[in-house]
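These are the residues of each chain, in order.
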Amino acid sequence: MSKFRSTALTLITLLILSTLIIAEPNPLAGKWEGKSSTGEIVKITFNTDNSVVLYRSEGGKIDGKVTPARFYFNFKLNKNANELDFTYEKKGVTINSIIEFIDKDNIKIGLSELSDYRPENFSGSESKQVWTLERKD
């Protein structure tokens with residue numbers, strides 16, 4: 001009986017630890033494409049390591065050059081709006097933005113102009129630019 005109890009206790013402990021270790025999947029992970037509120041093509045890849053590769057303008061090129069700007073982001077929910085921060089570590093700049101999950105394959109991101117300000121909504125007076133993106137993978 002004590003061997004059974006010891007095995008059961010070990011299994012229960014392993015089960016509890018495994019549920020604590022398994023992280024919730026990142027709902028942004030993957031490739032997204034769409035347009036900005038200014039009509040610019042936006043392609044963005046959210047990687048599982050929290051890095052972001054961003055391509056803006058036609059075909060991911062500006063003036064004939066591929067423009068991969070690598071950012072690192074943190075994602076956290078707020079009761080009023082979802083928050084998404086893009087941090088460009090080389091320059092020490094963080095762009096505070098808001099995000100709306102329209103459904104699992106469509107999102108809207110409202111970007112601020114100032115690093116210490118976060119838009120409250122997607123209106124032109126609040127968000128410098130709004131990206132409407134669709135999941136592509």
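Bear in mind that the values here come from a model prediction, so they are computed numbers and not experimental data. (Residues numbered from 1 in each chain as written. Predicted model: local features only at pLDDT ≥ 70, side-chain atom pairs only at ≥ 80, totals over all residues. Heavy atoms only, no water.)

> What's the story with the nonpolar core in this structure? I'm lost.
Grouped burial of nonpolar side chains is what soluble globular proteins tend to show. Among the nonpolar cores identified, the biggest contains 15 residues, and Ile 44, Phe 46, Phe 86, Ile 109, Trp 131 and Leu 133 are the most heavily contacted of them. Of all the secondary structure elements, the ones that give two or more residues to this core are β2 (41-46), β3 (51-56), β7 (82-88), β9 (106-111) and β10 (129-135). Apart from residues lying up to four places away in sequence, Ile 109 is in contact with Phe 46, Leu 84, Phe 86, Ser 97, Ile 98, Ile 99, Phe 122, Gln 129, Val 130, Trp 131 and Leu 133. (Core = buried A, V, L, I, M, F, W, Y, C linked by side-chain atoms within 4.5 Å. Buried < 20%, exposed > 50% of the residue type's maximum accessible area, 1.4 Å probe, protein only. Helix = DSSP H or I, 4+ residues; strand = E, 2+ residues; numbered from the N terminus. Contact = heavy atoms within 4.5 Å.)

> Can you walk me through the pattern of salt bridges in this structure?
Where charged atoms of side chains with opposite charge meet at close range, the side chains can pair. Counting across every chain of the model gives six salt bridges. One salt bridge in this structure joins Lys 104 and Asp 105, with 3.3 Å as the shortest N-O distance. You can call Asp 105 partly exposed: its relative accessible area is 27%. For Lys 136, the salt bridge is made with Glu 134, and the minimal N-O distance between the two is 3.5 Å. Judged by its relative accessible area of 43%, Lys 136 is partly exposed. (Salt bridge = Lys/Arg side-chain N within 4 Å of Asp/Glu carboxyl O.)

> Quick question: what am I supposed to make of the confidence of the model for the chain here?
Atomic detail in the predicted coordinates should be set aside for any region of low pLDDT. This prediction gives the chain a mean pLDDT of 75; 64% of its residues lie at or above 70. When mean pLDDT is compared element by element in the chain, β10 scores highest at 94, while strand β6 (residues 69-77) scores lowest at 52. (pLDDT = per-residue confidence, 0-100.)

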